[in-house]
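Residue-level structural notes
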Amino acid sequence: MKKKFWLAILFSALLVLTAACSNGESASAPKETDKGGSTASDKIFTYASTSDAVGLSPILMNDSPSANVTEQVYEQLFTRNVETMEFEPKLAESFENPDENTWVIKLKEGIKFHDGTPFNAEAVKYTFDKLRDPATAAPRASLMEPVDVINVLDENTVEIKTKYPYGAFLASLSHSNAAIVSPTADQKQDLMKDPVGTGPFKFVSWTPGDQIALEANEEYWDGAPAVKKVVFKVVPEISTAISMLQTGEVQFIDNLPTEQIKRLESIDTINIEEIEGSPVYYLAFNHLRETNQDPEFREAVAAAMDRDAFVSKLNGLGVRSDSVIGPKVFGYDSSADKAGTVYDLEKAKELVAKNGYGDRTIKLLTANRANFILMAEITQAQLTEAGFKVEIESMEWATFLDTARQGEYDLTFLSWSNVTGDGSELLYPNFHSDNVGSSNRAQYSNPAFDELVVQSRTTTDQAKRLELLDQANKMMIEENAVVVMYHGIVTAALDKAYKGLELDPNGKWYLKNVIGE
């Protein structure tokens, strides 16, 4: 019997990353207004990113700069409606649950990949089997962890059997890393450098460290985009990107820095959008380090950090909460907002002196992004005041992610955009011991916590899932497994000559409906 599977989730929101090369000429953004009388939609639409993409295969990448590109090129079976908070078919047409462990998904017919090959059940099976194959070493293989077997019933019908009832399955299938790839292209070329999807834009070229160019898919199944050429331009300095936005060299930037808000508000040729989002930013302990396994050490660090003072510097672009699960994510309970270790400098000093925590230098790893650098500098000052010795090590984004994944740090700042908007898909990849060494960059391992997270995933009773997620969340808060800095506000600045940008609370955005005036 066909039925709609509901998830009572709140809105969600991004995270973040560099290198690779491709064939073909690179497109460039115009530096002057087109004098030929063409509309804005006929011009090159340029987005400025402070970081280059890491790669363009949804199976192998796991960072925001890469996902910003792949979300325009690839598509998922399902998508989350941020207004109704329900999951809706995208490449799927409909689905049924003959039993709680079986999902029969009907696919839309007549859709083709950019290479002309058909989108069908075989492509879905190929994508998901590769994503969950240990040999692939996919960074988000956890999305497919519940899957037992995938069967092709006919050209446009796929059956997925799970090992257990999985309450967040549609959330998983809506994730950026669950996008469907062309099997033919994947076997023929490197999708990390030369992507092929079903989306509204097709890949043209990639000049590493400079830009990625896309063009409209004129045969897109849901209507061709109005904007015909898109460039993702790497502009490492945000102040430079803002200047380019002001002069018309760039039409769109996101993740607006707090220190530049007043400058941006003074530019009369742009519109600024701000929405409460789902990204969470937190200080992570490397739990493989012996010192970090000491509860009093973690307490001393947490007590030394005045996070209210930090959030006050964000100019309204951050929400203060101790909760790992944010207000826009399924599993949040407001009682967790103030459940963490309170700021108490004298207590921190006492613990540092008592245990000799100031006798060695702490390596504080950070990405070279404005908000991460700000967190690192303020935290360094606060920890130093408590008696710690802290040395900041800054790295560009892709190197930072690899270093954190390998556990080569004492403390670091991490973020998670909560693309699915589901607490299980926040806690499992980031903190379950299954994922130590991959997406669990904090190297956190706690059997009692693991069990709560597993239970939250293995029931479709949404009330029960809320209860379990709240328990797991508060367990992390109580033991200072991480120290939450803030929950993000999703921001964007768009040239007034354009409208129709779709901005999601999870930080993702879509260019398909952008039009020029």
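Going by the structure above, here's the rest.
These figures come from a predicted structure and were not determined experimentally.

Rules behind the numbers
Residues numbered from 1 in each chain as written. Predicted model: local features only at pLDDT ≥ 70, side-chain atom pairs only at ≥ 80, totals over all residues. Heavy atoms only, no water. Helix = DSSP H or I, 4+ residues; strand = E, 2+ residues; numbered from the N terminus. Buried < 20%, exposed > 50% of the residue type's maximum accessible area, 1.4 Å probe, protein only. 1 Å grid on protein atoms, 1.4 Å probe; cavity = no way out; pocket = protein on both sides within 12 Å on 5 of 7 lines; lining within 4 Å. Points joined across faces, edges and corners; volume = space filled by probe spheres on them. Nonpolar A, V, L, I, M, F, W, Y, C, P; charged D, E, K, R; others polar. Axes fitted to C-alpha atoms, helices over the stretch in contact; angles between N-to-C directions. Parallel < 35°, antiparallel > 145°, perpendicular 65-115°, else oblique. Left-handed = near helix turned anticlockwise from the far one by under 90°. Contact = heavy atoms within 4.5 Å. Arc of directions from axis to C-beta. Phe/Tyr/Trp six-rings, centres within 6.5 Å; stacked < 30°, edge-to-face > 60°. Lys NZ or Arg CZ within 6 Å of the ring centre and 35° of its normal.

**Re the side chain of Ser142**
On the secondary structure map, Ser142 appears in the loop between helix H2 (121-132) and strand S6 (147-154). Of the residues examined, Ser142 reaches a relative accessible area of 6% and is grouped as buried.

**What about the layout of surface pockets?**
Approximately 600 Å³ is the volume attributed to the second largest pocket. Taken together, 26 residues line the second largest pocket, and the ones lying closest to its centre are Thr79, Arg80, Lys90, Glu502 and Tyr510. Going through the elements one at a time, helix H1 (64-73), strand S2 (78-81) and strand S19 (502-503) are the ones with two or more residues in the lining of the second largest pocket. Considering each element in turn, the lining of the second largest pocket owes the most residues, four residues, to S2. When the residues that make up the lining of the second largest pocket are grouped by side-chain class, the tally is eight nonpolar, seven polar and 11 charged.

**Some details on the packing of helix H13 (residues 447-457) against helix H14 (residues 462-478)**
Geometry of a packed helix pair, given as the angle between the helix axes and the separation of the axes. Two numbers describe how H13 lies on H14: the axes approach to 8 Å, and their chain directions differ by 155°. The angle between the axes of H13 and H14 places the two elements in the roughly antiparallel class. As H13 runs across H14, the sense of the crossing is left-handed. Across from Ala448, Phe449, Leu452, Val453, Gln455 and Ser456 in H13, the residues of H14 making contact are Arg465, Leu468, Leu469, Gln471, Ala472, Met475 and Met476. The residue makeup of the contact of H13 with H14, split by class, is nine nonpolar, three polar and one charged.

**A look at helix H9 (residues 345-355)**
Looking only at H9, the buried set comprises Leu345, Ala348, Leu351 and Val352. Axial view of H9: buried residues confined to an arc of 130°, hence all on one face. Opposite the buried face of H9, by more than 90 degrees, sit the exposed residues Glu346, Ala353 and Lys354. Taken together, the buried residues of H9 touch helix H7 (295-304) and helix H10 (370-385). In the stretch just after H9, Gly356 is the one whose phi turns positive, near 65°.

**Some remarks on the packing of aromatic side chains**
Two measures describe an aromatic ring pair: the distance that separates the ring centres and the angle between the ring planes. According to the stated counting rule, one finds 27 aromatic pairs in the structure shown. Aromatic side chains Tyr281 and Phe372 sit 6.1 Å apart centroid to centroid with 70° between the ring planes, which places their arrangement in the edge-to-face category. Of this pair, Tyr281 sits in strand S12 (residues 270-285) while Phe372 is found in helix H10, placing the two residues 91 residues apart along the sequence. As far as the burial class goes, Tyr281 and Phe372 line up, both buried. Plain terms: the ring middles of Phe431 and Tyr444 are 6.4 Å apart, the flat faces sit at 80° to each other, and that makes the pair edge-to-face. Separated by 13 residues along the polypeptide, Phe431 in helix H12 (residues 424-431) and Tyr444 in the loop between H12 and H13 bring together distant segments of the chain. Each member of the pair, Phe431 as well as Tyr444, is classed as buried. Members of the aromatic cluster, connected to one another through ring pairs, are Phe45, Tyr47, Phe232, Phe252, Tyr498 and Trp509. The aromatic ring of Trp397 is capped on one face by Arg369, whose charged end is 4.3 Å from the ring centroid.

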